[in-house]
Structure formats: C-alpha cells, structure tokens
Amino acid sequence: MSRIPVTQASGLLPKLALRASGQAQTGGGSLYIYETLLAGNYAAASTSAYEINLYEPFSTAPVRRLKYHTDQLTQIRVREDSVLSSSVDGQIAVWDIRQSANQPSLVLKSEDPILSFDISADKTTVIGGARLNSEYAAKILIWDMRMAGTLARVFEDSHSDDVTQIHCNQNFSNQILSGSTDGLLCTFDLSQPDEDEALQFVANTGASVAKCGYFGPNSQFIFAQSDMETLQLWTDEATRLADFGDVRELGQSDMAIDYIVKCEYDTETQRLYMIAGSNEGSLHIMHVGVESMEHIQTLNGGHSNIVRGFDWKLSEGCAISGCESGRIAWWSAEHQSQQPVSAFPTATAVSSSKRITSVNGRRFAPY
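Residues numbered from 1 in each chain as written. Predicted model: local features only at pLDDT ≥ 70, side-chain atom pairs only at ≥ 80, totals over all residues. Heavy atoms only, no water.

(A) How the structure looks around the overall build of the protein chain. Each helix and strand in the protein chain was counted, giving one helix and 31 strands. Restricting to contacts in the protein chain with at least 6 residues of sequence separation, those with at least 24 account for 50%. Looking at the protein chain as shown, the accessible area adds up to about 15300 Å², and 44% of this sits on carbon and sulfur atoms. (Helix = DSSP H or I, 4+ residues; strand = E, 2+ residues; numbered from the N terminus. Contact = heavy atoms within 4.5 Å. Areas by Shrake-Rupley, 256 points an atom, 1.4 Å probe, with all protein chains shown as cover.)

(B) How the structure looks around the sheet that holds strand β21 (residues 209-215). Strands sit in the order β21-β22-β23-β24 across an open sheet of four strands; the sheet is antiparallel. Unpaired on one side and paired on the other, β21 and β24 (240-246) mark the two borders of the sheet. Averaged over neighbouring strand pairs, the angle between their axes works out to 15° when direction is ignored. Judged from the six bridges that link them, β21 and strand β22 (residues 221-226) form a sheet pairing that is antiparallel. Bridging across to β22, Y214 finds its partner in I222. (Pairing = 2+ DSSP bridges. Axes fitted to C-alpha atoms, helices over the stretch in contact; angles between N-to-C directions.)

(C) Geometry of a negative patch on the surface. Residues E111, E135, E156, D157, D194, D196 and E197 make up a contiguous surface patch of negative charge. Here E111 lies in the loop between β12 (106-109) and β13 (114-119). On the basis of relative accessible area, E111 is assigned to the exposed category, the value being 76%. (Patch = residues over 30% accessible without salt bridge, like charges linked within 9 Å, V, L, I, M, F, W, Y side chains within 5 Å. Salt bridge = Lys/Arg side-chain N within 4 Å of Asp/Glu carboxyl O. Lys, Arg positive; Asp, Glu negative; His and termini not counted. Charge placed at Lys NZ, Arg CZ, Asp CG, Glu CD. Buried < 20%, exposed > 50% of the residue type's maximum accessible area, 1.4 Å probe, protein only.)

(D) Local environment of the environment of D144. By the element assignment, D144 lies in strand β15 (residues 140-144). Here the alpha-carbon distance between D144 and T125, two residues 19 residues apart in the chain, equals 4.9 Å. Here D144 is in contact with T124, G149, T150 and A152, once residues within four sequence places are set aside. Polar contacts involving the side chain of D144 include one to the main-chain amide nitrogen of R146, which spans 2.9 Å. (Polar contact = N/O pair within 3.5 Å; in protein donor to acceptor, adjacent residues only side chain to side chain.)

(E) Inspection of the environment of G179 at higher detail. Relative to the elements of secondary structure, G179 occurs in strand β18 (residues 175-180). What makes G179 buried here is its relative accessible area of 0%. Sequence separation of G179 and Q225 is 46 residues, and the distance between their C-alpha atoms is 9.9 Å. The residues contacting G179, other than those within four sequence positions of it, are H159, D162, V163, T164, Q165, L184, L185, V209 and C212.

(F) Representation of the pattern of salt bridges within the structure. One pass over the structure, following the stated rule, counts 13 salt bridges. A salt bridge links D96 to R98, with the shortest nitrogen-to-oxygen separation between them at 3.0 Å. Notably, a salt bridge pairs R240 with D243, separated by 3.6 Å at the nearest N-O pair. With relative accessibility at 48%, the residue R240 sits in the partly exposed group. Among the ionic contacts, a cluster of salt bridges with common partners joins R77, R79 and D118.

(G) Layout of the sheet that holds β12. Taken together, the four strands give an open sheet; going across it, the order is β9-β10-β11-β12, and neighbouring strands pair in antiparallel fashion. With partners counted over all chains shown, the strands left at the sheet margins are β9 (73-79) and β12, one partner each. Each neighbouring strand pair of the sheet contributes to a mean axis angle of 15°, computed without reference to strand direction. Where strand β10 (residues 82-87) and strand β11 (residues 91-96) come together, five bridges link them in antiparallel fashion. Its bridge partner lying in β11, S85 is registered against A93.

(H) Main features of the side chain of N53. With respect to the helices and strands, N53 occurs in strand β7 (residues 51-55). The class for N53 is buried, based on a relative accessible area of 0%. N53 has contacts with A24, L31, A43, A44, A45, T47, P62, R64 and R65, leaving out every residue within four places of it along the chain.

(I) Focus on the pairing of strand β16 (residues 150-155). Direction of pairing for β15 relative to β16: antiparallel, over a ladder of five bridges. By the bridge assignment, D144 is partnered in β16 with T150. Here β15 folds back onto β16 in antiparallel fashion, the turn holding five residues, of which A148 has a positive phi close to 55°.

(J) Geometry of the nonpolar core. Counting 22 residues, the largest nonpolar core has L231, M274 and M293 as its most contacted members. Looking at this core, the elements with two or more residues in it are β22, β23 (230-235), β24, β25 (259-266), β26 (271-277) and β27 (283-288). Ranked by size, the runner-up nonpolar core spans 21 residues in total, among them A9, Y259, I275 and I306. (Core = buried A, V, L, I, M, F, W, Y, C linked by side-chain atoms within 4.5 Å.)

(K) Molecular detail of the pairing of β10. Counting buried residues along β10, five of its six residues qualify, which places the element largely inside the surrounding structure. Two strands pair when backbone bridges link them, and β9 and β10 are joined in this way by six bridges, in the antiparallel orientation. If you follow L73 over to β10, its bridge partner there is S87. Between β9 and β10, which follow one another and run antiparallel, lie two residues, and E80 among them has a positive phi close to 55°. A loop of three residues connects β10 with β11, the two strands running antiparallel in sequence, and G90 in this loop sits at a positive phi of about 85°.

Here is the structure:
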C-alpha cells in the first residue's frame, strides 16, 4: 500500500490551548479514565472505579459521582439531562442528572456483558452490542423505551464474535450500524420485522473493529478503526472508499502516532477528523480526506501517557481529554475566555457560544 500523504493545515480550525488539568482521584488513589464526553453544561468521564464522574466546565474535581455498576464500564452516552452507561456486568444504567438520587432512574438488563450501545434519534429505542457468549451467540439487543425499557428484539445471527460497536443513525431513526471483532460492519433497518430482512449491508474490513461510526451530511458514510490501529472509510452500502492502513506509519519525527483515540464528524464544518495520540500523551488532530490527511494541530501538556478519552464541541471551542493515569485536561480556543458557559447542572442552560458556519471558506466535499 502506498503511503498516504500528510500535509499541514494549521489554519483549518481555531487553535486549542490547555486551560486546566488535574488528577481524578478517589480514596484508593489514581483512576484509569476510559472515556470523556461533553454535554451542554457539564462533562462526564468513566473510570476504573466503575463510576461516572461529572464535571463543571474547566474543573478537574468531580462535582458528582454516579455509582451503580459492579464491573468495568464499557461505554457512556450523554443525552441532554440523561447519562447512560454500559458495563461488563450486563446492564445499561440510565441516570437523570436533574435528580439527586444516587440510583439510576432505569436499568436495562442483559444475560451477556454489554460492550457498546446507542440511543435512537427519536429516543424510543436503546440498542446494545454484547460479548460472544458460551453458546457462540453475539447478540444485538433492542430495548423499547416507550415500554419502560422492555427488551423488544434480539438479533444474534449477523455477527460471529463480540459486538464492539453500536451506532444509531441520527438522521434516520430506524437505521443502525454495528461493528464486531469478526471484522464485519453491518447496517440494519429496524422497521423490518425480523433480523434477515432488517440486515441491509455487510462490509468486511478484514480486521477486528474497535470503533466505527457514521459521518457525512446525511450519515451516508462510515469510518472503521481496528485494534491494529488501521482506518477505513466506507459508504453505508458497503462500498469501500479508502483504506489508510496502519495510521502509525503516518507519524513523523515531530509527530509520533502510536494509536487512534477516536474519529469525530463535525456537522458544522462537515468534515471528519481523526484524533491520534502518542504514548507520551500528545494528541494530534487530523482532517481525514479520501486520499490524504491534513495535520491541524498537536495538543501538548495535558497528559504524559496514553490518552483514552477525547471529546470536543467545535462550535463552542471546547474539548476535554482523559488518560490512563486518571488525569483530566480541558482545552479551549485561544481567543475564548476560560469562564464556564453555565452552572452544573441546569436543565434550562443555553450556551451563548456562536456556532461556526465555515472555516476559511472550506466545506465538506471530498466524498
């Protein structure tokens, strides 16, 4: 495979600068941060203590800890005033952060460990992906939130190994994407009555899928990154657009790449970005095209080892990251104030940040 060219595009996005960093600790010492997410007026981080820490903007001391699970957390999601978490304990917990109760408002249960999940665009369905069980079934579980989280359907024939990723199409409520250790990407139409008819397209990436997701103005494209740090782009009809191979080979003398943290699609700029990291804690923001990548910025100083969580709100110029040593770092656009946009948690809080409608006049068009 020929080497993908990497060019510089430092002016493509507003520059991010480190605003705050600190250690997330508990009574037993430092924590491992698995994932970090931003919501409108707070941030959430899943930890090795089987907890979710909630933070006010630019604070590294959690204002609240959500504790329910009895085993490792595998994914978290935030939706307005709700925080959801999945775990190896086979449960998805739904928290209403407007309530002060220390228990989730709803718990969805599975016989198998839940590795990934998502919420449909219309919020009526939660879909979970499970670990391969002793009966060699790798299940996709579908709960109906209109019926108090009743398990409504189970798909178990489409994958032959752990279902590591579930993503709901935010433009079409019945469309979902799954990724698996078996190397397959599957798209489903949940309006169909059974699994055979619901399964729309299957793409074989040839590698264990670690993360995947939709991107594009109409969610018509799919990215897939593997456990071997490879990256591919596909259409939602299983046509491969690009294969970047091992992205670690894109590293340069002044830009070490040891792993992919995540890929992120921004609806305002209509671009796909890859966030890659080094073992020393540097983060590289890259714009992903079909035949090239553009290096936008390197974030230094927030971490000194492997970064596992990164999330940003590009329109608000704000990002949060978390690493294996339990350190939380906040980043914001250099021209912005460090002041929080609102207090935590306020259901009616509305950010006054201006939304970016274009960057240097360039829009998403390469696909």
